[in-house]
Structure formats: structure tokens, C-alpha cells
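Chain and residue survey
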Amino acid sequence: SAASTSTSSSKMTISPWTAISAQNIAIGVFDQPLGGWQVQVEGEPISVNNIKFNLILGENLGGTIGLDINDVNYSKLVDENGKVLAGPVDAVGSGLSGTALTFVDEIVFPIGVTNIKLVGRMAAGTAAFESNDTAQVVTKPSSQWTSVTGTLTGVSITPSPDSAVSGPIMTVKDAASVTSVKVTPTNPTASFLEI
């Protein structure tokens, strides 16, 4: 369990939300899950105005070279009911890893636990995502969750832990490989010939 640190009696602790597990995500499709976090708040509601996430991408060695972290776009933070809390934003940067996603919308977290999910779109096309590439999102709450204040006291709060909180490694696939189609017969009535 993560330790909690703050400059007041109010605390904010971020941990992985295990409901968002490693899975296949589709290329070119909006709102693909990239990771989930539980935000536990104690003392008073807490406002956060800046949240950064690092992207770590893995390129399929058999594919076309040229994947960049800026190939992740239309990213949003949503709650467990799908309500948009921040975004959309596009990743900024080059290479396969780095601090790429920054959300500057104010989010007020109430006392208790709020589950949040990061969703986005894996760009399709030449030198973008291909099947079997991977994506992982990591954040360090103590330094990447900033402008954090108690809404009642106005006191600055340092979220915990002071270490990386990682999402699962997602495997990128062609959309056809991720979407399953249920085939239903057009005429479900069966006829039998008696001999």
C-alpha cells in the first residue's frame, strides 16, 4: 500500500485501479483504455489542475519503424461511469518514451475513492501503430500531479506516492482483431424431413 504525505491533514493517494487490466486495444478507434487509477482523498475535497502521464511504447520488431509517442491522441480522463473529467489532449513528443500527456483541466476529487480511466486513440497509418505494438502509461503523483489544493482550506497538498504508479501494458491490434462479431442466423427456424 502507498504511503501518504501532505502539508495538511488532507491527503490524496493514487494507486492502480485493477479493474483496468492488460488487454488488446484497437488501432484508430477512439476511447481505447490505456490505464486506470484509484484516487483516495481524505480530509476535504481536493482540486487538481495539472496531471502529467508518461508514455512507454514498444514497437513490433517485424513492423514498420517510426512509431512515436505523439501517435497517441484524443486522450481523456474519465470516471468509472464514462464522464469526461479532463481532455481531450494529444500526446506531445517523439521517440518511444517520455512525459507526453498533460491535462490542465481542473478536477475536484471528493472525499473517498474516485476511479479514473485514461482513454485515447492509437493513430493508424504509415509510421504509426501496427499490430503487436505495446503501450503503457505511468505517472508519479508527487511530482506530476501539481497545483493540488484543498477546496476548503486552500492548503497545498502533495499527492502520494513519491514513486511511479504504472498502468498495465496494452497490446495494440488491428480493429478487426479486437472487435468480435456475433453471428445470428437470419432464419432461426429449423425444418426436418421425416423419412
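This text goes with the structure placed above it.
Now for a description of the structure that goes with this document. (Residues numbered from 1 in each chain as written. Predicted model: local features only at pLDDT ≥ 70, side-chain atom pairs only at ≥ 80, totals over all residues. Heavy atoms only, no water.)

**Some words on the overall build of the protein chain**
- Along the backbone of the protein chain there are 2 helices and 13 strands.
- Split into buried and exposed, the 195 residues of the protein chain put 41% on the buried side.
- Considering only residue pairs separated by 6 or more positions, the protein chain has 77% of its internal contacts joining residues 24 or more positions apart.
- Accessible surface, the protein chain: about 10000 Å² in total, of which carbon and sulfur atoms supply 52%. (Helix = DSSP H or I, 4+ residues; strand = E, 2+ residues; numbered from the N terminus. Buried < 20%, exposed > 50% of the residue type's maximum accessible area, 1.4 Å probe, protein only. Contact = heavy atoms within 4.5 Å. Areas by Shrake-Rupley, 256 points an atom, 1.4 Å probe, with all protein chains shown as cover.)

**With respect to the pattern of salt bridges**
- Across all of its chains, the model carries 2 salt bridges by this definition.
- With its nearest N and O atoms 3.0 Å apart, the salt bridge here joins Asp-31 to Lys-76. Taken together, the positions of Asp-31 in the loop between strand E2 (24-26) and strand E3 (32-42) and Lys-76 in strand E5 (residues 72-79) put the pair 45 residues apart, joining distant regions of the chain.
- Here Lys-140 makes a salt bridge to Asp-162, at a shortest N to O gap of 3.7 Å. Here the residue Lys-140 occupies a position in the loop between strand E10 (134-139) and helix H1 (141-144), and Asp-162 occupies one in the loop between strand E11 (145-150) and strand E12 (165-166), the gap between them amounting to 22 residues. (Salt bridge = Lys/Arg side-chain N within 4 Å of Asp/Glu carboxyl O.)

**A short note on the environment of Ile-157**
- If you trace the backbone, Ile-157 turns up in the loop between E11 and E12.
- Along the chain, Ile-157 and Lys-11 lie 146 residues apart, while their C-alpha atoms are 7.0 Å from each other.

**Quick notes on the nonpolar core**
- Core analysis: the biggest nonpolar cluster contains 40 residues, and Met-12, Phe-53, Leu-77, Phe-109, Leu-118 and Trp-145 have the highest contact counts within it.
- A total of 6 residues in this core trace back to one element, the largest contributor, which is strand E4 (residues 46-58).
- When neighbours within four sequence positions are excluded, Phe-109 is seen to be in contact with Met-12, Val-39, Val-41, Pro-45, Ile-46, Val-48, Thr-114, Ile-116 and Trp-145. (Core = buried A, V, L, I, M, F, W, Y, C linked by side-chain atoms within 4.5 Å.)

**A short note on the environment of Asn-132**
- By the element assignment, Asn-132 lies in the loop between strand E9 (112-122) and E10.
- Residue Asn-132 is classed as partly exposed on the basis of its relative accessible area of 39%.
- Separated by 38 residues in sequence, Asn-132 and Met-170 have C-alpha atoms that sit 9.4 Å apart.
- Discounting chain neighbours no more than four positions away, the residues touching Asn-132 are Asn-60, Thr-171, Val-172 and Lys-173.

**Here's the deal with the sheet that holds E3**
- Reading across from one edge, E1-E3-E9-E5-E6 is the order of the 5 strands in this open sheet, with antiparallel pairing throughout. Lying at the two open borders of the sheet, with one neighbouring strand each, are strand E1 (11-16) and strand E6 (84-89). Strand-to-strand, the axes of this sheet are offset by a mean angle of 20°, without reference to chain direction.
- In terms of strand pairing, E3 meets E9 through 9 bridges, oriented antiparallel. Residue pairing for E9: Gln-32 is matched across the bridge by Gly-120. (Pairing = 2+ DSSP bridges. Axes fitted to C-alpha atoms, helices over the stretch in contact; angles between N-to-C directions.)

**Details of the side chain of Lys-76**
- With relative accessibility at 18%, the residue Lys-76 sits in the buried group.
- A polar side-chain atom of Lys-76 sits 3.0 Å from a polar atom in the side chain of Asp-31. (Polar contact = N/O pair within 3.5 Å; in protein donor to acceptor, adjacent residues only side chain to side chain.)

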